[in-house]
Amino acid sequence: MDNPVISSERLILRRMTKDDTRNLLEIFSDPVAMEYYPSTKDESETMEWIKWTQKNYDEYGVGLWIVEDKVTREFLGQCGIVPQEVDGVMEMEIGYLFARRAWGKGYATEAALACKHYGFEQLKFSRIVSLPDVNNIPSTKVAERIGMQVMKTINKWGKEVYVYSVSI
Ligand SMILES: CC(C)(COP(=O)(O)OP(=O)(O)OC[C@H]1O[C@@H](n2cnc3c(N)ncnc32)[C@H](O)[C@@H]1OP(=O)(O)O)[C@@H](O)C(=O)NCCC(=O)NCCS
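Here the structure is a predicted model, which means the values were calculated and not measured.

A. Representation of the pairing of strand β7 (residues 149-156) in the model. Sheet topology note: the β7/strand β8 (residues 159-167) ladder contains 7 bridges and is antiparallel. Looking at the pairing, Gln-149 lines up with Ser-165 of β8. Between β7 and β8, which follow one another and run antiparallel, lie 2 residues, and Trp-157 among them has a positive phi close to 55°.

Structure, rendered in structure tokens:
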């Protein structure tokens, strides 16, 4: 088992591998969890997602990580730092997608906060953003709970998203 990249009070964040296909499909096949994405994802699209994530690890040293319960190692979701273009500038975005059974427990906020600290303290980023769909209230609440503020709205992924941001 890969060493955790990040550990917090209740959670560990570790690198994603192709063995996570089944874990990720719990989220990607759920139309409720995928409400703000273009569609659900099937197995081959999930494998593409893992390849894209591993490319981010190789190229940028960051990407989405698998979030597990620290004690039981149960899969809960994914959270991490993903390079994204915002108005022609490469920004570091904190992203989070959790299995529905893990919502409402503060896990996304705890994981996102740990990523923020990791980004600022270990990776020396000076600014981190989040790009929630303007209608995705739970996601905007996570951004606010970790101390981000709305800067503006932009069109990305064919829809309107907020640019939330926090700087050191
Ligand atoms: C976005 C998403 C991760 C938010 O998950 P969440 O569980 O609502 O967020 P949190 O982890 O911050 O949990 C907060 C909730 O848990 C509750 N909670 C329970 N125990 C808690 C604890 N120990 N600490 C903090 N909050 C706790 C809070 O009261 C809060 O509930 P509320 O929003 O009804 O007030 C989740 O909705 C999701 O995975 N959605 C699908 C994917 C997606 O859209 N991702 C965003 C793309 S931009």
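B. Quick peek at the site of the ligand. Lining the immediate environment of the ligand, one finds 20 residues, of which Phe-98, Gly-104, Ala-108, Thr-109 and Arg-145 sit closest. The contact in question runs from an oxygen atom of the ligand to an N or O atom on the side chain of Trp-103, over 3.2 Å. In the environment of the ligand, an oxygen atom lies 2.9 Å from a nitrogen or oxygen atom belonging to the side chain of Asn-136. Those elements that provide at least two residues to the shell around the ligand are β5 (89-98), α3 (107-122) and α4 (137-145). Here the residues of the shell around the ligand sort into 11 nonpolar, 5 polar and 4 charged.

C. Representation of the pattern of salt bridges within the structure. Tallied over the entire structure, the rule returns 12 salt bridges. Across the pair Glu-110 and Arg-10 runs a salt bridge, and its minimum N-O distance is 2.7 Å. Taken together, the residues Glu-110 in helix α3 and Arg-10 in the loop between β1 (6-7) and β2 (11-14) connect sequence positions 100 residues apart. Arg-10 gets classed as partly exposed once you look at its relative accessible area, which sits at 32%.

D. Quick look at the packing of helix α1 (residues 21-28) against helix α2 (residues 43-60). Orientation of α1 relative to α2, taken along the N-to-C sense of each, is 110°, at an axis distance of 10 Å. Taken together, the axes of α1 and α2 lie roughly perpendicular to each other. Classified by chirality, the crossing of α2 by α1 is right-handed. Here Thr-21, Leu-24, Leu-25 and Phe-28 of α1 come into contact with α2, specifically with Glu-43, Thr-46, Met-47, Trp-49 and Ile-50. A breakdown of the residues in the contact of α1 with α2 according to their chemical character gives 6 nonpolar, 2 polar and 1 charged.

E. Quick look at the nonpolar core. The biggest cluster of nonpolar side chains holds 45 residues, and the ones touching the most others in it are Leu-13, Trp-65, Cys-79, Ile-94 and Phe-98. Here the element with the most residues in this core is α3; it accounts for 8 residues. Dropping the residues within four chain positions of it, Cys-79 is found in contact with Leu-13, Leu-64, Trp-65, Val-67, Ile-94, Gly-95, Tyr-96, Phe-98, Ala-111, Ala-112 and Cys-115. With 6 residues, the next largest nonpolar core counts Val-86, Val-129, Leu-131 and Ile-154 among its residues.

F. Molecular detail of the pairing of strand β4 (residues 75-86). Counting buried residues along β4, 11 of its 12 residues qualify, which places the element largely inside the surrounding structure. Judged from the 5 bridges that link them, strand β3 (residues 64-69) and β4 form a sheet pairing that is antiparallel. Across the sheet, residue Ile-66 finds its bridge partner in β4, namely Gln-78. Two successive antiparallel strands, β3 and β4, enclose a turn made up of 5 residues, where Arg-73 displays a positive phi of approximately 65°. With 10 bridges connecting them, β4 and β5 associate as antiparallel partners. Counted as the bridge partner of Val-82 is Glu-93 from β5. Taking the residues that link successive antiparallel strands as the turn, the β4-β5 hairpin has 2 residues, and the phi of Asp-87 there is positive, at about 50°.

Cut-offs used in this document
Residues numbered from 1 in each chain as written. Predicted model: local features only at pLDDT ≥ 70, side-chain atom pairs only at ≥ 80, totals over all residues. Heavy atoms only, no water. Pairing = 2+ DSSP bridges. Helix = DSSP H or I, 4+ residues; strand = E, 2+ residues; numbered from the N terminus. Near = heavy atom within 4 Å. Polar contact = N/O pair within 3.5 Å; in protein donor to acceptor, adjacent residues only side chain to side chain. Nonpolar A, V, L, I, M, F, W, Y, C, P; charged D, E, K, R; others polar. Salt bridge = Lys/Arg side-chain N within 4 Å of Asp/Glu carboxyl O. Buried < 20%, exposed > 50% of the residue type's maximum accessible area, 1.4 Å probe, protein only. Axes fitted to C-alpha atoms, helices over the stretch in contact; angles between N-to-C directions. Parallel < 35°, antiparallel > 145°, perpendicular 65-115°, else oblique. Left-handed = near helix turned anticlockwise from the far one by under 90°. Contact = heavy atoms within 4.5 Å. Core = buried A, V, L, I, M, F, W, Y, C linked by side-chain atoms within 4.5 Å.

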